Amino acid sequence: MVEFTILLILLSMLLALISAAIGETVYDKILAVNIFGTITVLFIAVYGFVTGRPDFLDIALVYALISFVTTIAVLKFFEYGDMGKSSTDREQDIDI
Amino acid sequence: MEHHQVLRIVSRFLIPLIMLFALYVQFHGDYGPGGGFQAGVIFAVGFILYGLIYGVERLRQVVNPSLMRSLSALGVLMYAGVGVASMLSGGEFLNYSVLAEDPVAGQHIGILIIEFGVGLTVASTMTILFYAFAKPY
């Protein structure tokens, strides 16, 4: 039963990758990659229980945290073209 | 990005949890998956998230770049210092067993200090990398 779950999760990972590949705008692609990250968290958790190592939940937590920050970083890069910009800088740019 | 209210509040909520989790990974490395390198990266992710939301200039005020450079060197110094200390106590380089009366207690002390040094170096180096990639304004 749990093996079947793993199979389904792998299938949905594949679907998320395909949707990332054929996504038209960059936002579609980022959304697909974000979904892929979420499914990967599920995969790590289920895999840990199948192999009898619930410690894998820690790794799943790390993956969730880092994929959240990655999405913010990529979106910020596409929105502002730079990682370190703050909104006060943006207002100064508009004044100039 | 301070004007994104949802992002700002969620990040404010998450940054302390990320750092707490990094400390858990650091000091629970004896018993579960974890260790200095992973903990350092997770700790730096907290700083990087702060820098993404509030801008790199604000992050520079919170975390001094020159302090980060010193800390990255200090971690390596701790690592090598444990090795030299075990040499001075009569063992080989990085032979933790001689650090205490009881070899097992010595190994615990040695691995904890070494992993702490690794975590310090990795966290500060990751923050320096973020400074290097985010353009100053």
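See the structure above.
Here is what the cut-offs are and how they apply
Along each chain, the written sequence defines residue order, and numbers are assigned to residues from 1. Just so you know, chain letters begin at A and ligand numbers begin at 1, following the order they were written in. Residues qualify for local features only when their pLDDT is at least 70, as the model is predicted, and side-chain atom pairs are given and counted only at 80 or more; totals for whole chains, interfaces and linings, by contrast, use all residues. Each helix is a run of DSSP H or I of at least 4 residues and each strand a run of E of at least 2, with the numbering of both proceeding from the N terminus. Here the C-beta atoms are placed from the backbone, and a residue counts as buried if at least 20 other C-beta atoms lie within 10 Å of its own, exposed if 12 or fewer do, and partly exposed otherwise. Whether two residues are in contact is decided by their C-beta atoms, placed from the backbone, lying within 7 Å. Comment: axis = line fitted to C-alpha atoms, over the contacting stretch for helices; angle = value between 0 and 180 degrees taken between N-to-C directions. Under this scheme an angle from 65 to 115 degrees is roughly perpendicular, one under 35 degrees roughly parallel, and one over 145 degrees roughly antiparallel; angles in between are oblique. Two helices cross in a left-handed way if the nearer one is turned anticlockwise from the farther one by less than a right angle. They cross in a right-handed way if the turn is clockwise. Residues are sorted three ways: Asp, Glu, Lys and Arg are charged, Ala, Val, Leu, Ile, Met, Phe, Trp, Tyr, Cys and Pro are nonpolar, and all the rest, Gly among them, are polar. The nonpolar core criterion groups buried Ala, Val, Leu, Ile, Met, Phe, Trp, Tyr and Cys residues into a set whenever they are joined through C-beta atoms within 7 Å.

Peer 1: So what about the overall build of chain A? Which residues, and what values?
Peer 2: Helix and strand content of chain A: four helices and zero strands. Beginning at the N terminus, the succession of helices and strands in chain A can be written as α-α-α-α. Residue burial in chain A is summarised as follows: out of 96 residues, 10% are buried.

Peer 1: Explain the overall build of chain B residue by residue, including any values.
Peer 2: Scanning chain B from terminus to terminus reveals five helices and zero strands. Scanning chain B from its N terminus toward the C terminus, one meets helices and strands in the order α-α-α-α-α. Taken along its principal axes, the extent of the C-alpha atoms in chain B is 60 × 30 × 15 Å. A burial count over chain B gives 37% of its 137 residues as buried. Sequence separation of 24 or more characterises 62% of the internal contacts of chain B that already satisfy a separation of 6 or more.

Peer 1: Break down the interface of chain A and chain B for me, with residues and values.
Peer 2: Listed as interface residues are 18 residues of chain A and, on the opposing side, 26 residues of chain B. Counting only elements with at least two residues in the side of chain A that touches chain B, the list comes to α3 (56-80) and α4 (87-95) of chain A. With ten residues, the top contributor of residues to the side of chain A that touches chain B is α3 of chain A.

Peer 1: Residue-level account of the packing of helix α1 (residues 5-27) of chain B against helix α2 (residues 36-54) of chain B, with values.
Peer 2: Residues and elements named next belong to chain B. Across the interface, α1 lies against α2 with an axial gap of 8 Å and an inter-helix angle of 165 degrees. In terms of orientation, α1 and α2 fall into the roughly antiparallel class. As for how α1 packs across α2, the hand of that crossing is left-handed. Where α1 approaches α2, its residues Leu 7, Arg 8, Ser 11, Leu 14, Ile 15, Ile 18, Met 19, Phe 21, Ala 22, Val 25 and Gln 26 are matched on the opposing element by Gly 36, Gln 38, Ala 39, Ile 42, Phe 43, Val 45, Gly 46, Leu 49, Tyr 50 and Ile 53. Split into classes, the residues belonging to the contact of α1 with α2 amount to 15 nonpolar, five polar and one charged.

Peer 1: Could you give me a rundown of the nonpolar core, with the residues and numbers involved?
Peer 2: Judged by nonpolar contacts, the single largest core of 33 residues is most densely connected at Ile 18, Ala 22, Ile 42, Ala 44, Val 45 and Ile 48 of chain B. At the level of secondary structure, the elements contributing two or more residues to this core comprise α3 of chain A together with α1, α2, α3 (56-62), α4 (65-88) and α5 (103-133) of chain B. Counting residues per element, this core draws most heavily on α2 of chain B, at eleven residues.

Peer 1: Give a description of the environment of Pro 54 of chain A that names residues and reports values.
Peer 2: Residue and element names in this part refer to chain A. As for its placement among the helices and strands, Pro 54 is situated in the loop between α2 (26-50) and α3. Looking at Pro 54, the number of C-beta atoms within 10 Å reads 11, which means it is exposed. Residue contacts for Pro 54: discarding those within four places in its chain leaves Gly 48 and Phe 49.

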